[in-house]
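Structure assessment
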Amino acid sequence: RRRPAAVRWDVLSRGIFADRLRVTLYSTRLSRRIPQMIHRAYEGDWTPFTTLAYELSRAVFDQLDAGAHLAVQCAESMTGPLSVGGTFLGEYRARLYRDACAALEQTAFSHSRAPPLRVTALLVTGELDPVTPPRFAQSVAERMPSATVLIVPGMAHAGVDRCIEGVISAFIVAGAMRGVDTSCVGKIAAPPFVTR
């Protein structure tokens, strides 16, 4: 069996660049800087990109339980052929996961065997979420008859908004979505791109 090529962390390869760009897309507030960062990098100034990529990587990966993440990823997403064509990540991330999952003895998980969950839930998802998009929440809601999916326009994976915080608080207090005012959600918009 061929050993996977070693990853060099002292070189900003296309794969590492694309992966850190992917992490930037998680943040509603920070993703608006992407056009400016890419333009500055094109001009030869990589400082804005590398600074933000480093800070975001620390913020995301320092909080991530890698073992639990891989256990779920390997069981649910890495059990069949992957379609990476047309994505800006290409095979880079899929190859990293394949190599990590090959080291684990993991059994594939079948969603069709999972019983319906009979709990009241509010599933909040961002319209622009690149990692857990609205279709994921809608798929989960199919197995949760008492779930409500709230898709927030203009929000990525992580975003703080008083409107959403208010809706979540009201849901918790009421124990249900009945009577919770969500009218403010429709007024949320993606922040404009930073170009200067």
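Structure's up top.
**Observations concerning the environment of Ser13**
Looking at the element boundaries, Ser13 is found in the segment before α1 (14-24). At 3.2 Å, the side chain of Ser13 forms a polar contact with the backbone nitrogen of Ile16.

**What about the state of the cysteines?**
Under the defined criterion, the tally for this structure stands at two disulfides. Here Cys74 is linked by a disulfide to Cys101, with a sulfur-sulfur distance of 1.9 Å. Across the S-S bond linking Cys74 and Cys101, the dihedral sits near -85°, which makes this disulfide left-handed. A residue pair is termed long-range when its members are at least 10 positions apart, and Cys74 in helix α4 (residues 66-76) and Cys101 in helix α5 (residues 92-102) qualify at 27 residues. With a relative accessible area of 5%, Cys74 lands in the buried category. By relative accessible area, which is 11% here, Cys101 ends up buried. Bridging Cys163 to Cys184, the disulfide has an S-S length of 2.0 Å. Judged by the sign of its S-S torsion, about 80°, the bond between Cys163 and Cys184 is right-handed.

**With respect to the pattern of salt bridges**
Applying the stated criterion to the full structure yields four salt bridges. Arg20 is the salt-bridge partner of Asp19, the closest N and O atoms lying 2.6 Å from each other. Arg93 is paired through a salt bridge with Asp19; the nearest N and O atoms lie 2.9 Å apart. With Arg93 in helix α5 and Asp19 in helix α1, the pair connects residues that are 74 residues apart, well separated along the chain. Take Arg93 and Asp19: they sit in the same class, and that class is buried. One connected set of salt bridges, linked through shared partners, spans Asp19, Arg20, Arg22 and Arg93.

Conventions we followed
- Counting restarts for each chain: residues are numbered from 1 in the order of the written sequence.
- Owing to the predicted nature of the model, reporting of local features is limited to residues with pLDDT of at least 70; listing and counting of side-chain atom pairs is limited to 80 or more, with chain, interface and lining totals taken over all residues.
- Hydrogens are left out, water is left out, and the side-chain values use all remaining heavy atoms of the structure.
- Helix numbering and strand numbering both begin at the N terminus, where a helix is a DSSP run of H or I of at least 4 residues and a strand a DSSP run of E of at least 2.
- Within 3.5 Å is the distance limit for a polar contact, defined as a pair of N or O atoms, with the added protein rule that one can donate a hydrogen and the other accept it, and that residues adjacent in sequence qualify only through two side-chain atoms.
- Two cysteine sulfur atoms make up a disulfide if the distance between them is within 2.5 Å.
- Working definition: with a 1.4 Å probe on protein chains only, accessible area under 20% of the residue-type maximum means buried, over 50% means exposed, and in between means partly exposed.
- The term salt bridge refers to a pairing of a side-chain nitrogen on Lys or Arg with a carboxyl oxygen on Asp or Glu at a separation within 4 Å.

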